[in-house]
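In case you want the letters, here they are:
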Amino acid sequence: MLKKGSKRGSSSRGGRIFYEENSLLKFSRIKKTNLAADNDDDFFNTRNSQDQVVTPSNSSSPYNIVSPVEKSPRSSQRITNIPFEDNDDNFSPNVLMGSLVREEGHIYSLAASGDLLYTGSDSKNIRVWKNQKEFPGFKSNSGLVKAIVISGATIFTGHQDGKIRVWKVSSKDPSIHKRVGTLPTMRDYFNNSMKTSNYIEVKRHKNAVWYKHSDAISCLSLSEDKTFLYSSSWDKTFKVWRISNSRCLESVISHDDAVNSIVAGNDGLVFTGSADGTVKVWRRELQGTGTKHFFSQTLLKQECAVTAVAVNPNATVVYCGSSDGLVNFWEREKHMSHGGVLRGHKLAILCLVTAGSLLFSGSADMGICVWRRMGNDHICLSLLAGHKGPVKCLAAETDHESAPNERRWILYSGSLDKSVKMWRVSENAPPMAWRGCASSAPTSMPSSLPAATSFPAQTRNN
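Calculation criteria
- Residues numbered from 1 in each chain as written.
- Predicted model: local features only at pLDDT ≥ 70, side-chain atom pairs only at ≥ 80, totals over all residues.
- Heavy atoms only, no water.
- Helix = DSSP H or I, 4+ residues; strand = E, 2+ residues; numbered from the N terminus.
- Buried < 20%, exposed > 50% of the residue type's maximum accessible area, 1.4 Å probe, protein only.
- Contact = heavy atoms within 4.5 Å.
- Areas by Shrake-Rupley, 256 points an atom, 1.4 Å probe, with all protein chains shown as cover.
- Phe/Tyr/Trp six-rings, centres within 6.5 Å; stacked < 30°, edge-to-face > 60°.
- Pairing = 2+ DSSP bridges.
- Salt bridge = Lys/Arg side-chain N within 4 Å of Asp/Glu carboxyl O.
- Axes fitted to C-alpha atoms, helices over the stretch in contact; angles between N-to-C directions.
- Core = buried A, V, L, I, M, F, W, Y, C linked by side-chain atoms within 4.5 Å.

A. Up close: the overall build of the chain. For the chain, the helix and strand inventory stands at two helices and 37 strands. The buried share of the chain, reckoned over its 462 residues, is 58%. Of the contacts formed within the chain by residues at least 6 apart in sequence, a portion of 54% connects residues at least 24 apart. When the accessible surface of the chain is summed, it comes to about 20300 Å², and 48% of that surface belongs to carbon and sulfur atoms.

What follows is the structure, given as structure tokens:
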């Protein structure tokens, strides 16, 4: 049952609700909200080698912790309007357009393509939304859907069971999604599982074939030409798949702990972030019909876990978010020198996405910071507040209704409050008058860490 508020034009069908929000709402910092935290192993969906608690009781966060009753997964509390400060000095054209709610699980992954939005949760369903209305989705045999990427009519989903499932949109009926395979394929698995040389030790006294992830998949990324699919996993590796024949070409033991994020940039560069506190750069070389990835350099080495990595559209800036709530960035044009730190969150960064000159950072503090790059600096345009749980995933698409002289984006945010919110964000928005979203500032670390000599990574090739 809906709570009273300033929502209008709401509709429901089969448990799905779309709320249209007042587009004239003025954004400022949130006055009061709650942190809805489920007490489970996948709360942040990232591994931290130090098992750090990112919501300490002595935290200086302005957010209140919910009661055990409100934290219960049995709670049927719906999303309600949040209070905003009506302050003309803090007016921003960035507005909350509405919410997509289907109470069947926490939202862990998002992918947008044209007018379609794909959402993955800890249920067995991948939901599809078209123009803010529920479209026929599809169901997997695995529960938690941790990653989604789209390449034309093909959808790749990464799962808790370490498998990648491949789906195709029907050419006759776009509402039909058919599962066409699983990576690794059953044929490859049986053909290679008979050879003892294809087995590696993944845990103490436990061996597995090298081309299959032995732990949950954390992230998926496509190469620039969409020839290769990259998958990172909690098993400390990332794997390279040739999309044309669904073959695993290479498995790279890349970190000392879980790999939480992987992003393929331009010119064959690949960036990985891990719970071991490092961000690494890898260089791809084509060798015959396969690939070989070489370690290039370490951008960051710290105590707290790296939880998210993103690259801007023209691949000139690399960003990483950490469990300490900070976003570091490096500038490729300056030989990957450290550019600074963005301080806008009180709790762990859980997701990053770029669009145009903007960077969006989602956090366990339930907020989304909108950053705009201006030269060598960044300014905070808005703090998007509306979720009642940690913001776990983000996706951005061009707003085709924007004026010719204004570049706007539609931002989708998925949360552990079981909802997806839609935001309209403009690159022309004025900076936000809030001290918490400081622009980039120098840190005590060196401006650039020394690059290690390139050498072949520890890999297995098909």
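Now, onward.
B. Looking closely at the packing of aromatic side chains. As enumerated under the stated definition, the model contains six aromatic pairs in all. Each ring, one from Tyr-230 and one from Phe-238, has its centre 6.3 Å from the other, and the planes form 50°; the classification is tilted. We classify Phe-238 as buried; its relative accessible area is 0%. Here the aromatic residues Tyr-230, Phe-238, Trp-282 and Phe-295 are joined through ring pairs into a cluster of three or more.

C. Spatial organisation of the pairing of strand β5 (residues 95-102). Of all eight residues making up β5, six are buried, and the element is well covered by its neighbours. Sheet topology note: the β5/strand β34 (residues 419-426) ladder contains six bridges and is antiparallel. By the bridge assignment for β34, Ser-99 is matched with Lys-421.

D. The pattern of salt bridges, seen in detail. Per the stated rule, a full pass over the model turns up 12 salt bridges. Close ionic contact of Glu-134 with Arg-127 constitutes a salt bridge, the shortest N to O distance being 3.2 Å. The exposure class of Glu-134 is buried, given its relative accessible area of 12%. Of the charged contacts, one joins Glu-406 and Arg-408 as a salt bridge, the two residues approaching to 4.0 Å between their closest N and O atoms. With a relative accessible area of 21%, Glu-406 lands in the partly exposed category. On the basis of relative accessible area, Arg-408 is assigned to the buried category, the value being 17%. Overlapping salt bridges, with partners in common, bring together Asp-399, Glu-401, Glu-406, Arg-408 and Arg-424 in one network.

E. Geometry of the sheet that holds strand β8 (residues 125-130). The strand order across the open sheet built from four strands is β6-β7-β8-β9, with neighbouring strands paired in antiparallel fashion. Strands at the two margins of the open sheet, each flanked by one partner only, are β6 (107-113) and β9 (133-139). The mean inter-strand angle of the sheet, taken between neighbouring strand axes irrespective of direction, is 20°. One ladder, built from five bridges, connects strand β7 (residues 116-121) with β8; its direction is antiparallel. In the sheet register, Leu-116 faces β8, and the bridge partner there is Lys-130.

F. Local environment of the sheet that holds strand β28 (residues 349-355). Taken in spatial order, the four strands line up as β28-β29-β30-β31 in an open sheet, and their pairing is antiparallel. A strand with exactly one partner marks an edge of an open sheet, and here the two such strands are β28 and β31 (377-385). Each strand of the sheet is rotated relative to its neighbour by a mean of 20°, with strand direction disregarded. Summarising the sheet, β28 and strand β29 (residues 358-363) pair through six bridges and their orientation is antiparallel. Looking across to β29, one finds that Cys-351 is bridged to Gly-362.

G. View of the environment of Leu-269. Note that Leu-269 resides in strand β21 (residues 269-274). Between the C-alpha atoms of Leu-269 and Arg-284, which are 15 residues apart in sequence, the distance is 6.2 Å. Discounting residues that sit within four places of it in the chain, Leu-269 has contacts with Val-263, Ala-264, Val-281, Trp-282, Arg-283 and Arg-332.

H. Up close: unusual backbone geometry. Cis geometry marks the peptide bond from Leu-183 to Pro-184; its omega dihedral reads 0°. By secondary structure assignment, the location of Pro-184 is in the loop between β13 (177-183) and α2 (186-193). Unusually for a residue other than glycine, His-335 sits at a positive phi of about 60°. Relative to the assigned elements, His-335 resides in the loop between β26 (326-331) and β27 (337-343).

I. Geometry of the nonpolar core. Grouped together as the largest cluster of nonpolar side chains are 19 residues, with contacts concentrated most on Phe-360, Ile-368, Leu-394, Leu-411 and Val-425. The next biggest cluster of nonpolar side chains, apart from the first, holds 15 residues, and it includes Val-281, Val-306, Val-318 and Met-336.

J. The pairing of β31, seen in detail. Judged by how many residues are buried, β31 sits mostly within the fold: eight of nine residues are covered. With eight bridges connecting them, strand β30 (residues 367-374) and β31 associate as antiparallel partners. Bridging from a neighbouring strand, Met-374 pairs with Asp-377 of β31. Where β30 hands over to β31, the hairpin turn is made up of two residues, of which Gly-375 adopts a positive phi near 65°.

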